[in-house]
Structure formats: C-alpha cells, structure tokens
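If you want the building blocks of each chain, they are given just below.
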Amino acid sequence: MELFLLHYPFTCLFIAFLVLYQVKPAFRFFCKMTFYKLWVFTIGTVVAILSIPRGRNVDNMMLLRTFMRPLKYIFGIQIVVKGKENLRTKKPFVLVLNHQTSLDIMVMMEILPRRCVPIAKKEILYMGTFGLACWLAGVIFIDRKRSEKSIATLTEVAHSLHKDNMRVLIFPEGTRNHGGSMLPFKRGAFQLAVKAQVPIIPVVFSSYNSFYNQKEKKFTPGNMIIQILPEVETMGLGPDDVPKLTEQVRDSMLSSYQGISGMTNRASHYRDNCGLLC
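Residues numbered from 1 in each chain as written. Predicted model: local features only at pLDDT ≥ 70, side-chain atom pairs only at ≥ 80, totals over all residues. Heavy atoms only, no water.

Operational definition: UniProt positions are given in the numbering used here, feature names are shortened, and annotations may be inferred rather than shown by experiment.
The name an unreviewed UniProt entry assigns to the protein chain is 1-acyl-sn-glycerol-3-phosphate acyltransferase, from the organism Cyanoderma ruficeps. Annotation of the protein chain in UniProt includes, under Function (unreviewed entry), the sentence "Converts 1-acyl-sn-glycerol-3-phosphate (lysophosphatidic acid or LPA) into 1,2-diacyl-sn-glycerol-3-phosphate (phosphatidic acid or PA) by incorporating an acyl moiety at the sn-2 position of the glycerol backbone." Heading Pathway (unreviewed entry) of the UniProt record for the protein chain holds this comment: "Phospholipid metabolism; CDP-diacylglycerol biosynthesis; CDP-diacylglycerol from sn-glycerol 3-phosphate: step 2/3."

### Notes on the sheet that holds strand S9 (residues 222-228)
We count it as follows: When DSSP finds two or more bridges between two strands, those strands count as paired. Helical segments are the DSSP runs of H or I of at least four residues, strand segments are the runs of E of at least two, and each set is numbered from the N terminus. Here an angle of 0 to 180 degrees is reported between the N-to-C directions of two axes, which are lines fitted to C-alpha atoms, with helices fitted over the stretch in contact.
Read from one edge of the open sheet, seven strands run S1-S9-S6-S2-S5-S3-S4, paired in mixed fashion. On the outer flanks of this sheet lie strand S1 (77-82) and strand S4 (140-142), each paired with one strand and no other. Shown here is a sheet whose adjacent strand axes are inclined to one another by a mean of 20 degrees, direction ignored. Relative to S9, strand S6 (residues 200-205) runs antiparallel, the two sharing three bridges. Within S9, the residue paired with Val 204 across the bridge is Gln 227.

### Digging into the packing of aromatic side chains
Formally: Two aromatic rings, drawn from Phe, Tyr or Trp (for Trp, its six-membered ring), form a pair once their centres lie within 6.5 Å of each other, and the interplanar angle then sorts them: stacked below 30 degrees, edge-to-face above 60, tilted otherwise. Residue burial is assigned from relative accessible area. The probe radius is 1.4 Å, only protein chains are included, and a residue is buried under 20% of its type maximum, exposed over 50%, and partly exposed in between.
Under the criterion given, the structure shown has nine aromatic pairs. An angle of 35 degrees between the planes, with centres 5.7 Å apart, marks the rings of Phe 29 and Tyr 212 as tilted. Of this pair, Phe 29 sits in helix H3 (residues 25-51) while Tyr 212 sits in strand S7 (residues 212-213), and the two are 183 residues apart along the sequence. With respect to burial, Phe 29 and Tyr 212 carry one shared label: buried. Considering the side-chain rings of Phe 35 and Trp 39, the 5.8 Å spacing of their centres and the 45 degrees angle between planes classify their relative orientation as tilted. Note that Phe 35 and Trp 39 are positioned in helix H3 at a spacing of four residues, about one turn of the helix.

Structure follows, in structure tokens:
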C-alpha cells in the first residue's frame, strides 16, 4: 500500500477526491460552487475579448447568455419555462424577477430576451473580467448608497427605452432572499416603468430549496420552473399609482411563486422516494 502511495500519489489524490465528493455533501457543495465561480469568471474573459470589436453594446449580452446556458446541463438542473408567449413582444418593457441566490444569473439567461440588459449593483463592475464583460454587454450599474445618483440613472434609462428599443431586467427585492418567500419590493423598477410608460412583465423563479441550500451546503441535480406572467400595463399611470402598482405585481408574483415552488418540491419528494424504493 505504501509503495502504491509513493508511486501513484496523483492517482491516490484523485481517488480521495472522488470518495469525498460522493460521501461529503459539504465538500460537493464547495466543489460545485467553486466550479460555478470559475466558469463565470472564465466566460467573462472570453466574452470581454469577443465584445471588444463592438465596444459597449447591448447585443453583447447574447454572448454572455450563450456561454452561461451550458451550466444547467453540467449541474443537472432541468428548467421548465411557462408563459413564453408573454415575452413575444418587440416593444420596450421592464422585466422584474424575484432574487434568491447567485445561481439566478445562470437561470435568468434561460429567458433573457434580445436587447434586454439587467440593472445591477455597482459592485459587480469591479468583479474582474466578469464585471468588464457585463459593462461591455450594456449592463446598467447603480450605486445603492447614493440614491440621488441612482434616480438620475433610472431617469436616463427611462428616456432610452423607446429611443434605443431596449428592455431592462430588475430584481425589485434589491438583494437575495433565502427565506422561501419574497422581500418587500423597492419601487425603482415601477417608477421607471411608469416614467417611460412601458409595461411590466413579472417573471417568477420557483424555490431552489429542493436541490440547493447554501446554509445546509446542499447542491444536487434538480428541477426549476420559470413562470412568465402576463404584462402589467402602465399607460396612463402616474407617480401616485406606483405604490399600488408595486404591491399588485408583488402579490401576483408571490402567488405564482408559492404555486410553482409547491410543484417542484413535490416532484423532488417523489424523485427521492422513488430512488429509495426503486
């Protein structure tokens, strides 16, 4: 045995790695998340290089989308999209999504339409090559600590929606929510939609908890549902209508979230029980 260890150290390390990966969920979680982050930063480099000839251009976002989508196959995540017909519009709109984990970047690429850019926190701009790739893809960065500047940025975006035929994607919760529900929505996305007089299209991601849980260090293959809800019109609405509009959209998204999350949880429970019995 000692001779084997001396002559084949790398083989022994590889075997040890495989054993740990199979029997230690925390180690498997660490490996998968490390791979995810390395993939994101690697494609950031590739996309940044490929985007340079066009410069900062919203069409570069499709490059990020193309390179991010294979991750779902690598991790064994099956994504079902419902309500695709609600995105078949050529006019500008504001896309609002619930925010749960860092995996949202991967999942949102499944439905990201053309000429649509996310509005993201400024800190992402400084995330190395990935931040550079996002900037070149037209991502709009806001400084959450400077509200006046953020409002000015959103005002500029409102004017650009029609002029440049753009769509924007916003997480109205403002931060990740691991609590199995939805945080109160910030009003920026809805103020933007009302100011630009463009519709809001709510998009709901089902819960990740059946296959991913950061606290429990769980990351297994699993199923997700993305529900694209019908657009909510803002034509004729003014600033005074924003609070009611915000709550209306949140209520509809929360109801959808509870429904589709129940479906994925039941599917996961059935799969686990079948694995034990079959």
